[in-house]
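This is what each chain is made of:
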Amino acid sequence: MGILDKFNDAQRVVAEKSKTAAETNNLKRKILYEEERIVEIFADIGKKYYKNPNDDPASFKILCNDIDTRRRRIKRMKYELTSIRGCKICPKCNFEVEQNNKFCGRCGASLPETEETDFFFMEPEDTEPYSKVATVEEMAKFKK
């Protein structure tokens, strides 16, 4: 009986590791897709402006909101990815820290608890370049 128990335990460990590997690869694939789509949206914004620089800047807001939504998804998926590995990411310096730590080992910042993590909120430095829709005059400056 002892050898069968050991075999069953080993089988469970292998099954759990393969499940974790599959989840990790799935998340990485989704992150890559979202990042590629963001690049495509930036290209769409550029093409749209190039074709009609006098277009209403509010029309770009939809594309900018799409970018922000995708960046939040990426942030959530990266959080899930680090959780699978038993880690957290410091919100201040982006250093990977063990999940049971309360403070970052690099910068000393307090690490949020799992319940405190909010993926609908993005730090101002993350959204600043994307959330403001430029006026036609501001966009014309970039063209020169």
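Residues numbered from 1 in each chain as written. Predicted model: local features only at pLDDT ≥ 70, side-chain atom pairs only at ≥ 80, totals over all residues. Heavy atoms only, no water.

Novice: Quick one: what's the story with the pattern of salt bridges, residue by residue and with numbers?
Specialist: Oppositely charged side chains may form a pair once their charged atoms are brought near each other. Taken as a whole, this structure holds nine salt bridges when the rule is applied. For the salt bridge of D66 with R70, the shortest nitrogen-to-oxygen distance reads 3.2 Å. Taken together, the positions of D66 and R70, both in helix α2 (residues 58-84) and four residues apart, correspond to about one turn of that helix. The partly exposed category is assigned to D66, whose relative accessible area is 22%. Judged by its relative accessible area of 10%, R70 falls in the buried class. (Salt bridge = Lys/Arg side-chain N within 4 Å of Asp/Glu carboxyl O. Helix = DSSP H or I, 4+ residues; strand = E, 2+ residues; numbered from the N terminus. Buried < 20%, exposed > 50% of the residue type's maximum accessible area, 1.4 Å probe, protein only.)

Novice: Account for α2, naming residues and giving values.
Specialist: Helix length check: α2, at 27 residues, gives a terminal C-alpha distance of 40 Å against a target of 39 Å (1.5 Å per residue), a fit within 8%. Looking only at α2, the buried set comprises F60, L63, C64, I67, D68, R70, I74, M77, L81 and T82. Once α2 finishes, G86 follows within two positions and takes phi at roughly 80°, a positive value. (Expected span 1.5 Å × (residues − 1).)

Novice: Before we move on, can you summarise unusual backbone geometry with the specific residues and values?
Specialist: Glycine aside, residues mostly have negative phi, and peptide bonds are mostly found in the trans state. Residues other than glycine seldom take positive phi values, yet N94 does so here, at roughly 60°. Position of N94 among the secondary structure elements: in the loop between β1 (87-89) and β2 (96-98). Looking at N94, the relative accessible area reads 59%, which means it is exposed.

Novice: Account for the packing of aromatic side chains, with residues named and values stated.
Specialist: Tallied over the full model, the rule gives zero aromatic pairs. Lying across the ring of F60, K48 places its NZ or CZ 5.4 Å from the centre. (Phe/Tyr/Trp six-rings, centres within 6.5 Å; stacked < 30°, edge-to-face > 60°. Lys NZ or Arg CZ within 6 Å of the ring centre and 35° of its normal.)

Novice: An account of the packing of helix α1 (residues 2-51) against α2 is requested, with residue identities and associated values reported.
Specialist: One can describe the packing of α1 onto α2 by two numbers: an axis separation of 9 Å at closest approach and a directional angle of 160°. Between α1 and α2, the interaxial angle falls into the category roughly antiparallel. In this structure, α1 crosses over α2, and the sense of that crossing is left-handed. The class makeup of the residues in the contact of α1 with α2 is 16 nonpolar, three polar and 13 charged. (Axes fitted to C-alpha atoms, helices over the stretch in contact; angles between N-to-C directions. Parallel < 35°, antiparallel > 145°, perpendicular 65-115°, else oblique. Left-handed = near helix turned anticlockwise from the far one by under 90°. Nonpolar A, V, L, I, M, F, W, Y, C, P; charged D, E, K, R; others polar.)

Novice: I'd like a rundown of the nonpolar core, residues and numbers included.
Specialist: In terms of nonpolar packing, the biggest core is built from 13 residues, with I31, I41, I45 and I67 touching the most fellow members. If you list the elements that add at least two residues to this core, you get α1 and α2. By residue number, the principal contributor to this core is α2, which donates seven residues. With sequence-adjacent residues up to four places away left out, I45 is seen in contact with F60, L63, C64 and I67. C90, C104, A109 and L111 belong to the second largest nonpolar core, which has five residues in total. (Core = buried A, V, L, I, M, F, W, Y, C linked by side-chain atoms within 4.5 Å. Contact = heavy atoms within 4.5 Å.)

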